[in-house]
Each structure stands twice: as C-alpha cells, then as structure tokens.
Amino acid sequence: MNDPINWQSFFFLLFGLVACVFALAVVFSSNIVRMAFYLILSLGSTSGLFFLAGADFVGAMQLLIYVGGTLVLLVFGVMLTAQGPFVSLKTRGGEWVLASIVGGALFAVLAQRAVSISDWHGPERPLTLADSGEAASQPDSATSDAAGPADETKESEPFDPDGARAEENAAEDDKEPAPPTHEGRRVELRDTRTATAIGMALSGPRVDSLGEPSAVRRGGMSSYVLPFEIVSVHLLVVLIGAAYLARTKKRFKTED
Amino acid sequence: MNLLTEPVGLTHYLLVGAVLFVCGVVCMAVKRNALGVLMGIELVLNGANVNFVAFANGNLRSDGDWALGLDGHLIALFVIVLAAAEAAVALAITLNFYNNHSTVDVDRAEELHG
C-alpha cells in the first residue's frame, strides 16, 4: 500500500466518527446533563465536516450560533430543570425496541439511497490524473480545472480569461482542491472563502451566477433578500414571544 | 477501497447525515425529558444541514455540474438561524411548563390537550 494518506479523508473520518458516536451517545444516554455535553461534541465536529466540505462560513456560523448560542441556552435549560428525578428519566424497554426498529428501517432506506447512486461515490480518480497533465500545460488557468471533473465544466470556462478576480466569489470555489496523490503533480491552493458571496446573496446580487452561461440556470439563482427579511421579522417575533413565555409570573409565586 | 487513501465522496457525507438524522428521530421518540426531545430536534436539523452542505460542493461527486453551489450554504444558514429561534421558544415553553407543573416529563403533560 504505497498510497499516501489522504488527509482530507482522514479528517473526514475523524470528524464524522466523532459526530456519529456522540449522536448515538445522546440517544443511549439517560442522563440529561451528559446528553447536553455529548450534543455539544457532536455538533462541534459537524462544523468540522462543514469546513471540510468547503463551507467555511456555514461552519463558523455553526460554531458561533449553534454551539455557542443554542446549546448554551439548552444547557441553561438543563441546569434550571435538572432536579431530583428529572436528571435521568428512564424509557421503557418496549419503546426502545419499537424506536430501534423504526430508526433502523429509516436508516436502511436513507443509506440505500445514498449508496445506490454511483455519481455520488466521489470524484473520479483517473480524470484528476488527466487534469494534472492539462494543468502542467497551461499553468495560469488550471486552478479550477485541476480539482473538478474532467469534462470541461461550463461554469469555470468563462472565468479563465478573466483571471482570478471573477473567480474569487464564484460558487464553484467552494470546492476543495483535489487531493494530491502523485509526485510531480502541481498542488493548487485556491481561495475558497464564501463569506463575501453569501453576504452579497443575502443583500441582493448573486456574484456566483455572473459567469453562468445558461440563462435558465442563471434565472434560478435568485437572491435571498425576501427570505432574509422574513427571517429577521421571525427572529424579532421569537425574541418577544420567548421573553413573554418565559417570564416569571408573580401570581404563581404568591400562591406558593 | 481504503478509506484513508481514497477521496471522500458525497455518499460518505450523506451517510453521516443519515446517522445524525436517525439518531435525532429516535431521540425525539424515546426521550421522556422535554429537553431530550429538543436535543433530538437539533440532531435532525444538523443531519439535514450536513446534506445541504455536501450537496453544495461539486467536488465530492463526478457530476459536479449539478451541485447546489451557494444555494446550499444559504439554506444551511437559514436552517441554523431557524433552529436557534425554535430552541429559544421551545425552551421558554418548557420552563413555563416546569414552573406550572413542576415536571419536565412529557408523558405527564396530558392535560395540555385542551
């Protein structure tokens, strides 16, 4: 086995195993405090998976909002209510059996669908080798093609004469570079930041659709101003509603 | 097919997402603590988010033209924000229920059905 270790796969295995194992630990633990801690670990390593998939902004937001905000809120809820018998509420055995059957069947369906499509098994390895030869021949335009599939990707072609400027915010820049496996192969590190493109898409123009040659697909890439506004109003309503629901009522205190 | 030397593909991400999703569904079904049910919801949303982010990346598959691109990232962001909002409201309801009934056992919330 002479192949060097593919470090992207290594870190994917690391984060994926931690995420799955601690998600299972959340299910099978009965102590609510430990469940909260396992959930923090599981969601934290999920953000590592996001970084590996090229979604740097989403991964950072996962850490900031989810792990840093939502789960701290959840831990506070656990601390406020974990008293006496509520720390560990046991589930009856029959419910475990039923839930395991349903969960196993659901996982079987999902896994079968995920495995059955051969296009999803990964980038094709011989094609990346062919791309590396092409990359050596035209060194200034090879950045996006070295990582992509071998067919001349329609998105990346119009970018190449323009240089790297237009490519910086393009959607296909989310992609990780192909793993360097063979000696003599050029390893290109590309700018894979997505924060600018996401910010632009939330406020109006879609900078990742500028080089899209197909008018149909370009029309499908609409901006996200309206969902952004809806979410803003939604968050305001949730803020007011949560504060209203969680306030302490004086009436109940005096009755005690 | 050594996993350490082969590049990962979309299938691997989908399997991780499926594990998270199924764990969340089972967690929602079996937990008696209301906060445990809430944790199950968080796991389900994260499993869906893993799928969105994986589908957004065209480099994980051989038909990379059909990748979601930036749309996947944006949908994942909206899911994260809505999950935060949902957790806040659910936690407020749970605390209210705990104040009124002195329990967080969802099996004892029977008088809530009107």
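Quick caveat: nothing in here was measured; it's all calculated off a predicted structure.

Here's the deal with the overall build of chain A
Of the regular secondary structure elements, chain A holds eleven helices and zero strands. Secondary structure elements of chain A occur, N-terminal to C-terminal, as α-α-α-α-α-α-α-α-α-α-α. The buried share among the 256 residues of chain A stands at 37%. For chain A, the computed accessible surface area is about 14,100 Å², with 67% contributed by carbon and sulfur atoms.

A closer look at the pattern of salt bridges
Opposite charge on two side chains lets them pair, provided their charged atoms get close. Throughout the structure, instances matching the rule amount to two salt bridges over all chains. Between A:E95 and A:R92 there is a salt bridge, with its nearest N and O atoms 3.0 Å apart. Taking relative accessible area as the criterion, A:R92 reaches 53% and is therefore assigned exposed. A salt bridge links B:D105 to B:R32, with the shortest nitrogen-to-oxygen separation between them at 2.7 Å. Taken together, the residues B:D105 in the segment after α3 (70-101) and B:R32 in the loop between α1 (10-30) and α2 (34-56) connect sequence positions 73 residues apart. Take B:R32: its relative accessible area is 21%, and that puts it in the partly exposed class.

With respect to the environment of A:V18
All names here are of chain A. Relative to the helices and strands, V18 is located in helix α1 (residues 7-28). Its relative accessible area of 28% is what places V18 among the partly exposed residues. The sequence separation of V18 and I117 amounts to 99 residues, and the corresponding C-alpha distance is 26 Å. Excluding its chain neighbours within four sequence positions, the residues that come into contact with V18 are L41 and S45.

A few points about the confidence of the model for chain B
Across chain B, pLDDT averages 87, with 96% of residues at or above 70. Across the assembled chains, the prediction reports ipTM 0.91 with pTM 0.78.

Some thoughts on the interface of chain B and chain A
Of the residues lining the interface, 79 residues belong to chain B; the matching set on chain A comes to 98 residues. Where chain B abuts chain A, roughly 8,200 Å² becomes buried across the two surfaces, and 72% of that area is made up of carbon and sulfur atoms. On the chain B side of the contact with chain A, B:M39, B:N59 and B:L70 bury the most area, a combined 9% of that side's loss. Counting across the chain B and chain A interface gives zero salt bridges. Listed by contribution, the elements that provide at least two residues to the side of chain B that touches chain A are α1, α2 and α3 of chain B. Looking at the side of chain B that touches chain A, its residues break down into 50 nonpolar, 20 polar and nine charged.

Section: the state of the cysteines
On inspection of all chains with the given rule, the structure shows zero disulfides over all chains. Cysteine A:C20 is unpaired, with the sulfur of B:C23 as its nearest cysteine sulfur at 7.2 Å.

What about helix α10 (residues 225-246) of chain A?
Given a rise of 1.5 Å per residue, 22 residues ought to cover 32 Å, and the 31 Å separating the end C-alpha atoms of α10(A) matches this to within 8%. Turning to α10(A), its buried residues are A:V231, A:V238 and A:A242. Buried residues in α10(A), looked at end-on, bunch into an arc of 25°, giving them a common side. Among the exposed residues of α10(A), those oriented more than 90 degrees off its buried face are A:L226, A:V237, A:L239, A:I240, A:A243 and A:Y244. Turning to α10(A), the residues buried within the fold contact α3 of chain B.

Here we look at the packing of aromatic side chains
Given two aromatic rings, their pairing is described by the distance between the two centres and the angle made by the two planes. Residues and elements named next belong to chain A. For the coordinates displayed, the defined rule picks out ten aromatic pairs over all chains. Seen from their ring centres, F28 and W96 are 5.6 Å apart, and the 20° between their planes marks the pair as stacked. Here F28, found in helix α1, pairs with W96, found in helix α4 (residues 93-116); they are 68 residues apart in sequence, far enough to count as distant. We classify F28 as exposed; its relative accessible area is 58%. Taking the relative accessible area as the measure of exposure, W96 reaches 21% and is therefore partly exposed. Between F37 and Y38 the ring centres are 6.4 Å apart and the planes differ by 45°, which places this aromatic pair in the tilted class. Overall, the relative accessible area of 22% leaves Y38 in the partly exposed class. Grouping aromatic residues by their ring pairs yields a cluster made of W7, F10, F11 and F15.

Analysis parameters
- Residues numbered from 1 in each chain as written.
- Chains lettered and ligands numbered in written order.
- Predicted model: local features only at pLDDT ≥ 70, side-chain atom pairs only at ≥ 80, totals over all residues.
- Heavy atoms only, no water.
- Helix = DSSP H or I, 4+ residues; strand = E, 2+ residues; numbered from the N terminus.
- Buried < 20%, exposed > 50% of the residue type's maximum accessible area, 1.4 Å probe, protein only.
- Areas by Shrake-Rupley, 256 points an atom, 1.4 Å probe, with all protein chains shown as cover.
- Salt bridge = Lys/Arg side-chain N within 4 Å of Asp/Glu carboxyl O.
- Contact = heavy atoms within 4.5 Å.
- pLDDT = per-residue confidence, 0-100.
- Buried area = accessible area lost by both parts, 1.4 Å probe.
- Nonpolar A, V, L, I, M, F, W, Y, C, P; charged D, E, K, R; others polar.
- Disulfide = S-S within 2.5 Å.
- Expected span 1.5 Å × (residues − 1).
- Arc of directions from axis to C-beta.
- Phe/Tyr/Trp six-rings, centres within 6.5 Å; stacked < 30°, edge-to-face > 60°.

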